[in-house]
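Structural description and commentary
In case you want the letters, here they are:
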Amino acid sequence: MLEADRVFAGSIPENYDRYMVPLIFAPFAADLARRAAALMPVDILEIAAGTGVVTRNLAPRLSPAANYVVTDLNQPMLDFAASRQAPDNRIKWQQADAQTLPFESAIFDLVFCQFGAMFFNDRQSAYREAKRVLKPGGHYLFNVWDRIEENHFADDVTNALARLFPDDPPRFMARTPHGYHDTGLIRRELEKAGFSRVSIETVPAQSHAPSPRIPAVAYCQGTVLRTEIEARAPGTLDAVTDYAASAIEARHGSGEIAAKIQAHVILAAV
């Protein structure tokens, strides 16, 4: 992963929430919130909250006594998430790096993270930090995307950009969001960090869009792909987005479309 892969700023947070969240994150956010609530936690830490789609799903499910700390590495993403959340005195917003958490040891019942582990430069440090801040008997719950070939819109856009930029294809989606899909590796890294009873479930879902252009805009303008496109061909973002939309239409048709998305959901105990 490149350091630039972790920078979600400028117009990316707004486009990410407007396009990416309903396209691919919403169904898994509902799934993760349901799993988190079933653990009946009181002291909760969310890592890499992004624009807060899981936060919005989970907060109504928590007890009135909950202490819910929501964090992200990127302050612009966290600010956007806070702006979307209804006032709630149980929630505290705090910028934090998952690899060096600014919290005391053994204070949370649950640490969870939606599609953030792929962005950790040092996953062993991040996993050890999650374990450190968990109480005995606590849980670490997170999900990661499966390989890009199992996530069709992401694959379509990546392949389209490779045709446009054959000498230097933008590989953000394959490199980072879909670059940590080996379940054996995930299990080994968690066990090395000291977690036990690691369970991993592969969960398929469907991504829906009213037109091929929506996923093209989502990926090309609502992720770090935007930065890669603009670095290669300044001033062509709209044209590149149109090309990606044409590639999606060629595979999935025009009008309302749907495609497979798939993720791994991991639960580990202290």
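Residues numbered from 1 in each chain as written. Predicted model: local features only at pLDDT ≥ 70, side-chain atom pairs only at ≥ 80, totals over all residues. Heavy atoms only, no water.

1. Notes on the environment of Asn67
Quick note on the threshold: Put simply, DSSP H or I for four residues or longer makes a helix, DSSP E for two residues or longer makes a strand, and each gets a number counted from the N terminus. Any pair of residues with heavy atoms lying within 4.5 Å of one another is described as a contacting pair.
Inspection of the secondary structure assignment puts Asn67 in strand β2 (residues 67-72). Remark: the alpha-carbon pair of Asn67 and Asp31, spanning 36 residues in sequence, is separated by 21 Å. Aside from chain neighbours lying at most four places away, what touches Asn67 is Val42, Asp43, Ile44 and Arg90.

2. So, the sheet that holds strand β7 (residues 257-269)
Inclusion rule: DSSP-based pairing: two strands are paired if at least 2 bridges between them are found. To obtain each axis, a line is fitted to C-alpha atoms, and for helices this fit is confined to the stretch in contact; angles are then taken between N-to-C directions over 0 to 180 degrees.
Judged by pairing direction, the sheet is mixed, and its 7 strands sit side by side in the order β3-β2-β1-β4-β5-β7-β6 without closing on themselves. Edge positions in the open sheet fall to β3 (91-95) and β6 (196-209), since each of these has one partner strand only. Each strand of the sheet is rotated relative to its neighbour by a mean of 15 degrees, with strand direction disregarded. Note that strand β5 (residues 134-145) and β7 share 7 bridges and pair antiparallel. Its bridge partner lying in β7, Leu141 is registered against Leu267.

3. Examining the pattern of salt bridges
The condition is simple: A pair is scored as a salt bridge if a Lys or Arg side-chain nitrogen falls within 4 Å of a carboxyl oxygen belonging to Asp or Glu. Throughout this description, buried means an accessible area under 20% of the type-specific maximum (1.4 Å probe, protein chains only), exposed means over 50%, and partly exposed covers the range between.
Following the criterion strictly, the structure yields 18 salt bridges and no others. A salt bridge links Lys135 to Asp109, with the shortest nitrogen-to-oxygen separation between them at 3.2 Å. One end of the pair, Lys135, is in strand β5; the other, Asp109, is in strand β4 (residues 108-114), with 26 residues separating them in the sequence. Between Arg132 and Glu129 there is a salt bridge, with its nearest N and O atoms 2.8 Å apart. Separated by 3 residues within a single helix, Arg132 and Glu129 lie in helix α4 (residues 123-133), roughly one turn from each other. Accessibility expressed as a relative area gives 14% for Glu129, which makes it buried. Through salt bridges with shared partners, one network takes in Asp31, Arg34, Arg35 and Glu201.

4. Concerning the packing of helix α5 (residues 152-164) against helix α8 (residues 213-221)
Short version of the rule: Roughly parallel means an angle under 35 degrees; roughly antiparallel means over 145; roughly perpendicular covers 65 to 115; every other angle is labelled oblique. Handedness of a crossing follows from how the near helix is turned relative to the far one, being left-handed for an anticlockwise turn of less than a right angle and right-handed for a clockwise one.
In contact at an axis separation of 10 Å, α5 and α8 are set at 70 degrees when each is read in the N-to-C sense. The orientation of α5 relative to α8 falls into the category roughly perpendicular. Like other packed secondary-structure pairs, α5 and α8 cross with a definite hand, here right-handed. Where α5 abuts α8, its residues Phe153, Ala154 and Val157 lie against Pro215, Tyr219 and Cys220.

5. Side note on the packing of α5 against helix α10 (residues 237-252)
Between two packed helices, the angle of one axis relative to the other and the distance separating the axes together describe the packing. Running from amino to carboxyl end, α5 crosses α10 at an angle of 125 degrees, the nearest separation of the two axes being 9 Å. The angle between α5 and α10 places the two elements in the oblique class. Taken as a pair, α5 and α10 cross one another with a handedness that is right-handed. Counted together, His152, Phe153, Asp155, Asp156, Val157, Ala160, Leu161, Arg163 and Leu164 of α5 and Val240, Tyr243, Ala244, Ala247, Ile248, Arg251 and His252 of α10 form the full contact between these two elements.

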